[in-house]
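# Descriptive structure summary
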Protein chains: 2
Amino acid sequence: MRTGARRRMGVEERRQQLIGVALELFSRRSPDEVSIDEIASAAGISRPLVYHYFPGKLSLYEAALTRASDDLANRFVEPREGPLGARLLRVTHRFFDFVDAHGPGFSALMRGGPAVGSSRANALVDGVRQAAYVQILSHLDTDADPDAVPARLELVIRSWISLAESTALIWLDGRRIPRRELEIQLVHDFAALAAVSAAQDEEMAALLRRLLDNEPTDGPFSDLAGRLMALGSA
Amino acid sequence: MRTGARRRMGVEERRQQLIGVALELFSRRSPDEVSIDEIASAAGISRPLVYHYFPGKLSLYEAALTRASDDLANRFVEPREGPLGARLLRVTHRFFDFVDAHGPGFSALMRGGPAVGSSRANALVDGVRQAAYVQILSHLDTDADPDAVPARLELVIRSWISLAESTALIWLDGRRIPRRELEIQLVHDFAALAAVSAAQDEEMAALLRRLLDNEPTDGPFSDLAGRLMALGSA
């Protein structure tokens, strides 16, 4: 027998609702500036009831961050089909979608604001970096055991992930360069970092040649090569 | 009239000694693992006397970090003489000297360990990044007002600083690639990031052409160009 107009939520359902409300607020403003009162109000419940589900703002923040981290890690998943440049461009596009949707929260987290430097938060960020690393590695068609990746290959992939983060942070600070241009630029940066490494190391050179052999003439890697040649001959 | 074998230190002298001792310990192991007892013992004074000069480990850590930040910021200062590639290589070499000397402390700070994520620590790190940015900008011979730098030029410089940080962190994790190779690679990376940006933007292309015109044929930028051409024709 149901009484009352509003259905009562179960515990897990209420927790998930609060996480969603909090994530929305933490995405639009720096988490430091969002109060429990505001979260309660946006969820349509009382402040004490929020504390019933989450002992404090930090635990709610960490739950929201866990959801966001899972979301971001999933965006790096890309079918191993078609040219590498186009795959990387799709991944970069989804990464910027995420950054676009969670701008202020992303900036506060990555810049290590006071309330967000918890060790749990750091572990979640590192988890996303590792997921991105494993994904990208799997696209490079190396036979390398993931636990014994050549040091220079690991450096290129991890450096590029770090470059994607810093490019996104700089973009968020004023959005002075069109997003689409930066997505293409990051794909070009990947090729550039790999080429610099290949210029020093025969193993990287062999890998790069294999990757570029499979690139179509209208893909982002060929586009970069064409533009650099035009630059050199100008 | 002097009595006793050991001279008594003045307050500021003692503070500076403690900062030096703490910095040495924080450089060799993660600051989280260094106790006040250990710092007292290394300085040859009692634990309560350490607290007389610094209210707690965090304030001593921040004082040590302030000294280290000043040191690191100074390493980016380079005379505006001679080819740019060689200047950048000297800066990168001094940066790696610093990273080499302060490895575990540098890693703990940049990876945001629990005791080191204070807002004062973050502000010091940002201060070093800004000092590095202003220095590098001053070497590029642009007429740009430092407060109105073209967005793409700012992005290249700040991205490169971030790349230097992540390369150093990855290097510290096992030191699997010779330091000297990474120093040259970072200088090459700068040219590569600038070239990728120049491939999209006429203003950056003009800047890059001006910079490369002044490079000698035996400098690191020409070295990269030669290696890439060899790679392309192999």
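Parameters at a glance
- Residues numbered from 1 in each chain as written.
- Chains lettered and ligands numbered in written order.
- Predicted model: local features only at pLDDT ≥ 70, side-chain atom pairs only at ≥ 80, totals over all residues.
- Heavy atoms only, no water.
- Least-squares fit on C-alpha atoms with pLDDT ≥ 70 in both.
- Contact = heavy atoms within 4.5 Å.
- UniProt positions renumbered as here; feature names shortened; annotations may be inferred.
- Helix = DSSP H or I, 4+ residues; strand = E, 2+ residues; numbered from the N terminus.
- Salt bridge = Lys/Arg side-chain N within 4 Å of Asp/Glu carboxyl O.
- Polar contact = N/O pair within 3.5 Å; in protein donor to acceptor, adjacent residues only side chain to side chain.
- Nonpolar A, V, L, I, M, F, W, Y, C, P; charged D, E, K, R; others polar.
- Buried < 20%, exposed > 50% of the residue type's maximum accessible area, 1.4 Å probe, protein only.
- Expected span 1.5 Å × (residues − 1).
- Core = buried A, V, L, I, M, F, W, Y, C linked by side-chain atoms within 4.5 Å.
- 1 Å grid on protein atoms, 1.4 Å probe; cavity = no way out; pocket = protein on both sides within 12 Å on 5 of 7 lines; lining within 4 Å.
- Points joined across faces, edges and corners; volume = space filled by probe spheres on them.
- Axes fitted to C-alpha atoms, helices over the stretch in contact; angles between N-to-C directions.
- Parallel < 35°, antiparallel > 145°, perpendicular 65-115°, else oblique.

Per an unreviewed UniProt entry, chain A goes by the name TetR/AcrR family transcriptional regulator and belongs to Streptomyces phaeolivaceus.

## Description of the relation of the copies chain A and chain B
Once chain A has been moved 0.0 Å along the axis and rotated by 180 degrees, it coincides with chain B to within an RMSD of 0.0 Å. Expressed as an axis order, the relation between the two copies is that of a two-fold axis. Looking at the interface residues of chain A, 100% of them are also at the interface in chain B, so both copies use one shared face.

## Section: the UniProt feature "domain: HTH tetR-type" (unreviewed entry) in chain A
When the UniProt feature table is mapped onto this chain, "domain: HTH tetR-type" (unreviewed entry) is found at residues 12-72 of chain A. Secondary structure over residues 12-72 of chain A splits into 79% helix and 0% strand, and the C-alpha atoms at its two ends are 23 Å apart.

## Here's the deal with the interface of chain A and chain B
Listed per partner, the contact involves 40 residues of chain A and 40 residues of chain B. The tally of links from chain A across to chain B stands at four salt bridges. The shortest N-O distance in the salt bridge between E181(B) and R152(A) comes to 2.7 Å. Summed over the shared surface of chain A and chain B, the result is eight residue pairs in polar contact (both at pLDDT 80 or more). Taken together, the elements giving at least two residues each to the side of chain A that touches chain B come down to α8 (151-172), α9 (179-198), α10 (202-213) and α11 (220-233) of chain A. Of the residues belonging to the side of chain A that touches chain B, the class tally is 21 nonpolar, ten polar and nine charged.

## Points about the pattern of salt bridges
Under the defined criterion, the tally for this structure stands at 40 salt bridges over all chains. For R90(B), the salt bridge is made with E78(B), and the minimal N-O distance between the two is 2.7 Å. One end of the pair, R90(B), is in helix α5 (residues 84-101); the other, E78(B), is in the loop between α4 (57-75) and α5, with twelve residues separating them in the sequence. Classification of R90(B) as partly exposed rests on a relative accessible area of 39%. When salt bridges that share partners are traced, they join D97(A), D100(A), R175(A), R179(A), R180(A) and E183(A) into one network.

## Thoughts on helix α8 (residues 151-172) of chain B
Counting along an α-helix, one turn takes 3.6 residues, and residues three or four places apart therefore face a common direction. Residues and elements named next belong to chain B. Given a rise of 1.5 Å per residue, 22 residues ought to cover 32 Å, and the 32 Å separating the end C-alpha atoms of α8 matches this to within 8%. Counting buried positions along α8 gives 20 out of 22 residues, so the element sits mostly inside the fold. Among the residues trailing α8, G174 stands out with phi positive, at a value near 110 degrees.

## Some remarks on unusual backbone geometry
Residue and element names in this part refer to chain A. Phi at R175 is positive, roughly 45 degrees, even though this residue is not glycine. In this structure, R175 sits in the loop between α8 and α9. Exposure remark for R175: the relative accessible area of 40% places this residue in the partly exposed category.

## As for the nonpolar core
By size, the foremost hydrophobic cluster in this structure holds 156 residues, and its most contacted members are L18(A), I39(A), F95(A), L18(B), I39(B) and F95(B). Apart from residues lying up to four places away in sequence, L18(A) is in contact with I39(A), A43(A), I45(A), V50(A), Y53(A), F54(A) and L60(A).

## Some thoughts on the UniProt feature "DNA-binding region" (unreviewed entry) in chain A
Feature annotation in UniProt assigns "DNA-binding region" (unreviewed entry) to the following positions: residues 35-54 of chain A. As annotated, residues 35-54 of chain A comprises 75% helix and 0% strand, and the C-alpha atoms at either end are separated by 13 Å.

## Quick look at the layout of surface pockets
To find leftover empty space, a probe the size of one water molecule is rolled over the atoms. If you add up the space inside the second largest pocket, you get close to 1400 Å³. In terms of lining residues, the second largest pocket is bounded by 41 residues, among which L228(A), M229(A), A225(B), L228(B) and M229(B) are the most central. Class assignment for the residues of the lining of the second largest pocket results in 30 nonpolar, six polar and five charged.

## Examining the packing of helix α4 (residues 57-75) of chain A against helix α7 (residues 119-139) of chain A
Residues and elements named next belong to chain A. The geometry of α4 relative to α7 is characterised by a closest axis approach of 9 Å and an angle of 5 degrees between their N-to-C directions. With respect to each other, α4 and α7 are oriented roughly parallel. Between α4 and α7, the contacting residues are E62, L65, T66, S69, L72 and A73 on the first element and R120, A121, L124, V128 and A131 on the second. For the contact of α4 with α7, the residue count by class is seven nonpolar, two polar and two charged.

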